[in-house]
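A structural walkthrough
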Amino acid sequence: MARMHSPFPSRPFLRLLLVVAAAAPMCEAAVPAIIVFGDSSVDAGNNNVISTVLKSNFQPYGRDFFGGRPTGRFCNGRIPPDFISEAFGLKPAVPAYLDPAYSIKDFATGVCFASAGTGYDNATSNVLNVIPMWKEIDYYMEYQQKLRAYLGEERANFILSEALYLVCVGTNDFLENYYSSLPGGRQSQFTVRQYEDFLVGLATEFITELYSLGVRKVSLTGLIPMGCLPLERTTNFFGRNECVQDYNNVAMEFNGKLRKAVARMNRRLPGLRMVLSEPYDLFLQMIRKPSSFGFEVAQRACCATGLYEMSYMCNQHNPFTCADANKYVFWDSFHPTERTNQIISEHLVKELLLPTFS
Ligand SMILES: *[C@@H]1O[C@H](CO)[C@@H](O)[C@H](O)[C@H]1NC(C)=O
């Protein structure tokens with residue numbers, strides 16, 4: 001009887017509370033998983049295990065990540081899929097599919113197939129010997145099989161069709177491939193307008209292929225003002241290190257073409273719900289007026305001299321790396337800081353992704 005008057009809940013009731021609390025995150029998540037395809041903007045470490053020079057699994061990369069751990073993310077901390085996953089009620093970091101520290105149990109709520117240096121175009125992934133987009137799909141098909149074996153057909157199919165798929169790629173097709181004027185490269189075969197159309201065609205094929213594998217909820221990401229990446233500004237000798245306006249114009253034009261392609265695919269592929277995430281304008285505001293976002297520097301990156309270093313050139317032996325990456329828009333000469341990733345991701349989640357997919 002004394003127990004009835006106890007200020008504490010009874011044991012069975014307490015147990016119920018614990019069960020409900022433990023189950024809550026799963027019930028609250030707006031999608032069952034976040035699945036990622038693309039390049040270094042979203043690679044969580046797949047390049048660590050392939051033979052390419054394009055890596056970032058060493059200090060100072062990751063110094064502001066959980067445990068100060070360099071994971072292979074091209075950032076001082078987290079990248080957009082991590083923030084998006086957390087905002088959707090899932091885990092705070094989306095693991096790389098090829099990272100041996102993780103297994104299908106971890107990948108059931110989120111997995112990343114992205115590879116730094118890749119592009120829509122096979123010729124782009126060839127430049128630095130990274131994972132081409134068709135191979136990312138191969139890995140995804142293998143993942144589907146593992147997930148079905150792990151969770152059973154029904155639960156796995158639910159996850160695969162209800163998951164939110166993030167696709168972020170395209171910058172390298174222009175900067176690493178087209179404009180790098182490789183011998184016999186795309187510049188000798190296409191005008192830039194023709195190349196934009198070629199890439200939009202490849203993007204359409206890529207999404208259609210995913211659709212045929214059961215993918216339904218997609219966020220395709222447009223290009224950022226790629227002429228303002230520190231590396232491009234540094235090498236803009238005749239433009240006094242301003243943003244390369246031509247590259248920004250191409251990014252805007254390409255985004256316009258992608259927008260049309262997204263509308264077309266949504267009409268033609270029944271049940272597809274795809275949005276175009278466009279961080280271009282917000283990114284440009286940060287670069288033009290860094291102080292209104294709490295930044296101090298937008299022209300140079302934090303790592304090393306901030307002018308041209310990335311990957312192995314951005315390393316712990318460089319004495320110039322900045323002390324507080326939160327003051328910088330860019331972490332290395334090609335990639336945003338965690339703070340920038342967070343601002344962009346929160347904006348996309350609030351304005352577009354949560355309203356559309358929850
Ligand atoms: C890219 O390479 C894969 C594998 O060789 C091939 O199946 C695909 O058609 C190629 N895509 C283009 C656009 O060349």
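These notes cover the structure that comes with them.

So, how was this worked out
Residues numbered from 1 in each chain as written. Predicted model: local features only at pLDDT ≥ 70, side-chain atom pairs only at ≥ 80, totals over all residues. Heavy atoms only, no water. Salt bridge = Lys/Arg side-chain N within 4 Å of Asp/Glu carboxyl O. Buried < 20%, exposed > 50% of the residue type's maximum accessible area, 1.4 Å probe, protein only. Pairing = 2+ DSSP bridges. Helix = DSSP H or I, 4+ residues; strand = E, 2+ residues; numbered from the N terminus. Contact = heavy atoms within 4.5 Å. Axes fitted to C-alpha atoms, helices over the stretch in contact; angles between N-to-C directions. Disulfide = S-S within 2.5 Å.

As a further point, take the pattern of salt bridges. Within this structure, the stated rule accounts for 11 salt bridges. Residues Arg-63 and Asp-64 are paired through a salt bridge, measuring 3.9 Å at the closest nitrogen-oxygen approach. Judged by its relative accessible area of 24%, Arg-63 falls in the partly exposed class. According to the relative accessible area criterion, Asp-64 is partly exposed, its value standing at 37%. Residues joined by salt bridges that share partners form a network here, namely Glu-196, Asp-197 and Lys-257.

Before going further, it helps to spend a moment on the sheet that holds strand E6 (residues 297-301). With respect to topology, 3 strands assemble into an open sheet ordered E6-E7-E8, the strand pairing being mixed. Of all strands in the sheet, those with a lone pairing partner are E6 and strand E8 (335-336), marking the two edges. The pairing of strand E7 (residues 328-332) with E8 spans 2 bridges and is classified as antiparallel. Along E8, the bridge assignment pairs Asp-332 with His-335. Lying on the sheet, helix H11 (residues 280-288) is in contact with E6, E7 and E8; it crosses E7 at an angle near 100°.

Within helix H2 (residues 80-87), 6 of the 8 residues are buried, leaving the element largely enclosed by the surrounding structure. Among the residues making up H2, those that are buried are Pro-80, Pro-81, Asp-82, Phe-83, Ile-84 and Ser-85. Among the residues trailing H2, Gly-89 stands out with phi positive, at a value near 85°.

This paragraph deals with the state of the cysteines. The tally for this structure, following the rule as stated, stands at 3 disulfides. Two residues, Cys-302 and Cys-322, share a disulfide whose sulfurs are 2.1 Å apart. On the S-S bond that ties Cys-302 to Cys-322, the torsion sits near -95°, and the link is left-handed. In this pair, Cys-302 is assigned in the loop between E6 and E7 and Cys-322 in the loop between E6 and E7, connecting sequence segments 20 residues apart. Using a relative accessible area of 1% as the deciding quantity, one classes Cys-302 as buried. The exposure class assigned to Cys-322 is buried, which follows from its relative accessible area of 10%. Each disulfide pairs two cysteine sulfurs, and for Cys-303 the partner residue is Cys-314, the sulfurs being separated by 2.0 Å.

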